[in-house]
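# Notes for the structure review
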Amino acid sequence: MAATELEAPAEVIATDPIIEVSNLTMRFTSKRSETVALDDVSLAVRPGEFVTIVGPSGCGKSTLLKIVAGLTPFTSGRVNLYGEPVTRPQREIGFAFQRSALLEWRGARKNILLQAEMRGMDRRAAERRADDLIALTGLTGFEKALPHELSGGMQQRVALCRALLHEPRVLLMDEPFGALDALTREQMNIEMNRIWRETGTTIVLVTHSVPEAVFLGSRIVVMSPRPGRIVETLEPGLGDRRDYGATLADPRFVTAAERLRDLLGASHVAE
């Protein structure tokens, strides 16, 4: 499906939610059974927020993200982007998946520009934007490198550039760093904080990791085991600019992480 051309209304102000999810329920039905993935979920995301969503496996985190993106229909409730119902993929939303899903025969820059080809963007403008993103994410010098020539972290940076190429107002990320080693994941967390601050993009990120949820989130949404419900929302109050070592030692980080572990149970969450 082609993305719709829904644009932000001129009257939208900083305190108006970009995303509004109200009383959302999602059921998967087969001939033999019915599974309730999400039950009565309500969530509002304001412009410029970095919202992290954390919960045990199977709680519907990824399903929620795909519904917000317009990729998956839902059973009941309401999902709005800028006050308009989301019924199909939206131009204003970029999506970064768990895997980088790069084309093995295309170099990094050409993988990024695949977004422009799919959306019919102006080529010269897209190339300028790609070069800016390459510089922003530290990929300069690797423009022609094939995916197998890049580290896992660099592959995810290419995928991130691709998701940001059309300058979406909202970026949805579904556990994009879950397959990375611990050190690379820390580095990508630092990069994401910087990119968020420098671009002003509203970001919603799904994760299993308590430290990642707290380090990146200006607000943290905690979900229950299936059927997924929002059980609590935390605001750690760590400020926008975050240094990994100093932030993890901050008492506010420690308090928020301990609260998340209490809510989730240590056995449910990957560190």
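Predicted, not measured: the structure shown is a model, and the values here were computed from it.

We now examine the side chain of R219. With respect to the element layout, R219 can be found in strand β9 (residues 219-223). For R219, a relative accessible area of 8% corresponds to the buried category. Look past the residues within four positions of R219 in its chain and what remains in contact with it is L43, A44, V45, R46, E49, F50, V51, T52, T233, L234 and E235.

Turning our attention to the packing of helix α2 (residues 108-119) against helix α3 (residues 123-136). Contact geometry for α2 and α3: axes closest at 10 Å, N-to-C directions at 130°. With respect to α3, the axis of α2 lies oblique. As α2 packs across α3, the resulting crossing turns out to be right-handed. Residues R109, I112, L113 and A116 of α2 lie in contact with α3, whose contacting residues are A126, E127, A130, D131 and I134. For the contact of α2 with α3, the per-class residue count stands at six nonpolar, no polar and three charged.

Let us now look at the nonpolar core. In summary, soluble globular proteins display a tendency toward joint burial of nonpolar side chains. M173, M192, V214 and L260 are the most contacted members of the largest nonpolar core, which totals 49 residues. Tallying contributions element by element places helix α4 (residues 152-164) first for this core, with seven residues. Other than its neighbours up to four places away in sequence, M192 contacts F50, L160, M173, F177, I203 and L216. Of all hydrophobic cores here, the second largest spans 30 residues; its members include L24, L38, V51 and A69.

Let's shift gears to the environment of E212. As for its placement among the helices and strands, E212 is situated in helix α6 (residues 210-216). By relative accessible area, which is 1% here, E212 ends up buried. C-alpha separation for the pair E212 and S76, spaced 136 residues apart in sequence, amounts to 31 Å. What E212 contacts, discounting residues up to four positions off in sequence, is F177, R185, N189, L205, T207 and G217. Reaching out from E212, the side chain makes a polar contact with the side chain of R185 at a distance of 2.9 Å.

What follows covers the environment of R229. Looking at the element boundaries, R229 is found in the loop between β9 and β10 (230-234). Expressed as a C-alpha distance, the spacing of R229 and I18, which sit 211 residues apart in the sequence, is 21 Å. Excluding residues that lie within four positions of it along the chain, R229 makes contacts with D39, V41, V222, M223 and S224. Among the polar contacts listed, one links the side chain of R229 to the side chain of D39, at a separation of 2.8 Å.

Thresholds, definitions, all that
- Residues numbered from 1 in each chain as written.
- Predicted model: local features only at pLDDT ≥ 70, side-chain atom pairs only at ≥ 80, totals over all residues.
- Heavy atoms only, no water.
- Helix = DSSP H or I, 4+ residues; strand = E, 2+ residues; numbered from the N terminus.
- Buried < 20%, exposed > 50% of the residue type's maximum accessible area, 1.4 Å probe, protein only.
- Contact = heavy atoms within 4.5 Å.
- Axes fitted to C-alpha atoms, helices over the stretch in contact; angles between N-to-C directions.
- Parallel < 35°, antiparallel > 145°, perpendicular 65-115°, else oblique.
- Left-handed = near helix turned anticlockwise from the far one by under 90°.
- Nonpolar A, V, L, I, M, F, W, Y, C, P; charged D, E, K, R; others polar.
- Core = buried A, V, L, I, M, F, W, Y, C linked by side-chain atoms within 4.5 Å.
- Polar contact = N/O pair within 3.5 Å; in protein donor to acceptor, adjacent residues only side chain to side chain.

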